[in-house]
Amino acid sequence: MSTSTGKKPVLVIVFLRGGCDGLTLVSPTSDANYIAARPGALRVQRKGDGAGLSLNNPLADIDFCMQAQLKPLYDLYNDGQLAIVHAAGLTHATRSHFEAEDYMERGTPGVKSTRTGWLARFMEATKPDGILPALAVGDAAPDSLLGAHETIVAQELNDIRLASGHGIRPVFLKRLGDGLGSNVLFSQPIARLMSTGAALEAKAALDEEGNLKRYLPLENANYPENGLAARLRTVAQAIKLDLGLSVSTVDFGGWDTHVNQNGQIEELCNELSTAIAAFWRDLGSDQENVTLVVMSEFGRRLKSNESGGTDHGHGNAMFVLGQGLKGGQMHGRWPGLENDVLDAGADLAITTDYRDVLGEILNRRKGIEDLAAIFPDHKMTAPGIIAA
């Protein structure tokens with residue numbers, strides 16, 4: 001599939017490691033059960049100090065608010081570019097970070113023997129032919145790309161390596177190949193790095209040392225000085241170089257807020273929202289080609305703990321950003337927070353399987369008809385986040 005610009009659509013996954021508190025990101029501020037379960041310092045307020053940002057088109061007859069530091073995402077919501085899916089997540093109950101991430105990224109909840117990730121199976125189904133089809137920005141590729149050997153891993157494009165562990169700067173690989181001549185046979189991973197290096201050298205301006213020149217975002221992007229912003233800036237650069245990027249993953253950790261949650265969550269929300277908003281502005285006309293999903297392995301308990309935090313929970317909120325969405329709306333079904341409808345009597349219940357959100361995007365944006373090949377043994381129910 002291609003967009004009207006002729007470019008292939010790109011899927012960007014921002015994974016919030018640690019289990020973010022979706023009940024703080026998108027809070028049912030007027031729900032009596034929410035108010036009773038948490039002290040004021042751990043709640044988003046309807047008014048006064050700590051007041052959240054009131055959301056139009058809520059899921060239920062409750063005042064839902066976004067956390068105040070998410071104002072840049074709130075603006076995208078009101079512009080119709082951001083959709084929220086609440087009470088979403090991994091339906092197989094586990095409160096282990098390792099298990100939840102493993103199940104979610106392999107796309108087969110409850111099955112530990114799956115040998116590939118859901119994004120790797122997508123890559124196999126579509127066989128993208130670009131120079132840089134999959135980019136994992138960070139120190140390693142996530143398990144969602146397990147088995148996708150064409151994945152390039154990088155903090156920035158001057159320092160790329162393969163998910164299989166090979167790593168040499170692309171410009172040096174290109175020079176190595178030039179120096180040795182065409183009679184030398186390279187392994188497939190090394191050949192991939194060499195071709196990526198050659199493409200970068202052909203498409204991007206290099207400095208006198210043979211490195212990519214410093215990337216200059218659009219003037220209105222204003223990336224903040226934080227780790228997530230730096231990683232998303234790398235994704236924007238890769239998209240603009242038009243190297244055939246199909247999927248990119250970005251991890252953002254620190255969301256395991258067992259202690260002093262209020263002291264951490266504002267900073268985390270500010271970093272998340274300002275980084276994504278800068279990335280989105282930086283894309284310019286390429287916004288049409290990009291769908292960004294924000295997700296986490298699980299949510300957190302409704303009731304706060306004795307350490308000023310919240311423990312591992314279940315249901316959560318997902319964000320989807322892009323053009324052509326049913327944005328400015330909350331999607332899914334709100335189950336309520338009454339004790340008899342909580343999962344295990346403690347957590348927000350899940351009413352939308354996270355695979356349904358991803359599956360609708362793969363179907364509508366990526367042209368995948370056989371979603372069973374991506375998410376086996378799952379009957380898909382599209383939540384309706386993409387406009388007709």
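Up top is the structure.
Remember, predicted model here, so these are calculated numbers, not experimental data. (Residues numbered from 1 in each chain as written. Predicted model: local features only at pLDDT ≥ 70, side-chain atom pairs only at ≥ 80, totals over all residues. Heavy atoms only, no water.)

Undergrad: Honestly, the side chain of Gln81 in this entry has me stumped. Any pointers?
TA: Along the polypeptide, Gln81 turns up in the loop between α3 (71-78) and β5 (82-89). Taking the relative accessible area as the measure of exposure, Gln81 reaches 16% and is therefore buried. Contact partners of Gln81, with chain neighbours within four places excluded, come to Leu76, Trp280, Gln287, Val320, Leu321, Gly322, Gln323, Leu325 and Gly327. (Helix = DSSP H or I, 4+ residues; strand = E, 2+ residues; numbered from the N terminus. Buried < 20%, exposed > 50% of the residue type's maximum accessible area, 1.4 Å probe, protein only. Contact = heavy atoms within 4.5 Å.)

Undergrad: For this particular structure, what's the right way to read empty space enclosed by the protein?
TA: One water molecule sets the probe size; rolling that probe over the atoms shows where empty space is left. A complete count under the given rule lists 4 cavities of 30 Å³ or more for this structure. Approximately 70 Å³ is the volume found for the largest cavity. Top contributing element to the lining of the largest cavity by residue count: strand β9 (residues 247-252), with 3 residues. The residue makeup of the lining of the largest cavity, split by class, is 7 nonpolar, 2 polar and 3 charged. By volume, the second largest cavity is sized at about 60 Å³. Contributing to the lining of the second largest cavity are 13 residues, with Ala88, Gly89, Ser296, Asn316 and Met318 lying nearest its centre. Mapped onto the lining of the second largest cavity, the elements with two or more residues apiece are β5, β10 (290-296) and β11 (316-321). For the lining of the second largest cavity, the leading source of residues is β11, giving 3 residues. (1 Å grid on protein atoms, 1.4 Å probe; cavity = no way out; pocket = protein on both sides within 12 Å on 5 of 7 lines; lining within 4 Å. Points joined across faces, edges and corners; volume = space filled by probe spheres on them. Nonpolar A, V, L, I, M, F, W, Y, C, P; charged D, E, K, R; others polar.)

Undergrad: Sorry, what's going on with the pattern of salt bridges here?
TA: Side chains bearing opposite charge may pair, as long as their charged atoms lie close to each other. Per the counting criterion, the structure on display carries 16 salt bridges. Where Asp129 meets Lys8, a salt bridge forms, and the shortest distance between an N and an O atom there is 3.0 Å. Here the residue Asp129 occupies a position in the loop between α5 (118-126) and β6 (134-137), and Lys8 occupies one in the segment before β1 (10-16), the gap between them amounting to 121 residues. Residue Lys8 is classed as partly exposed on the basis of its relative accessible area of 44%. If you follow the salt bridges from partner to partner, you end up with Arg17, Glu101, Glu105 and Asp251 in one network. (Salt bridge = Lys/Arg side-chain N within 4 Å of Asp/Glu carboxyl O.)

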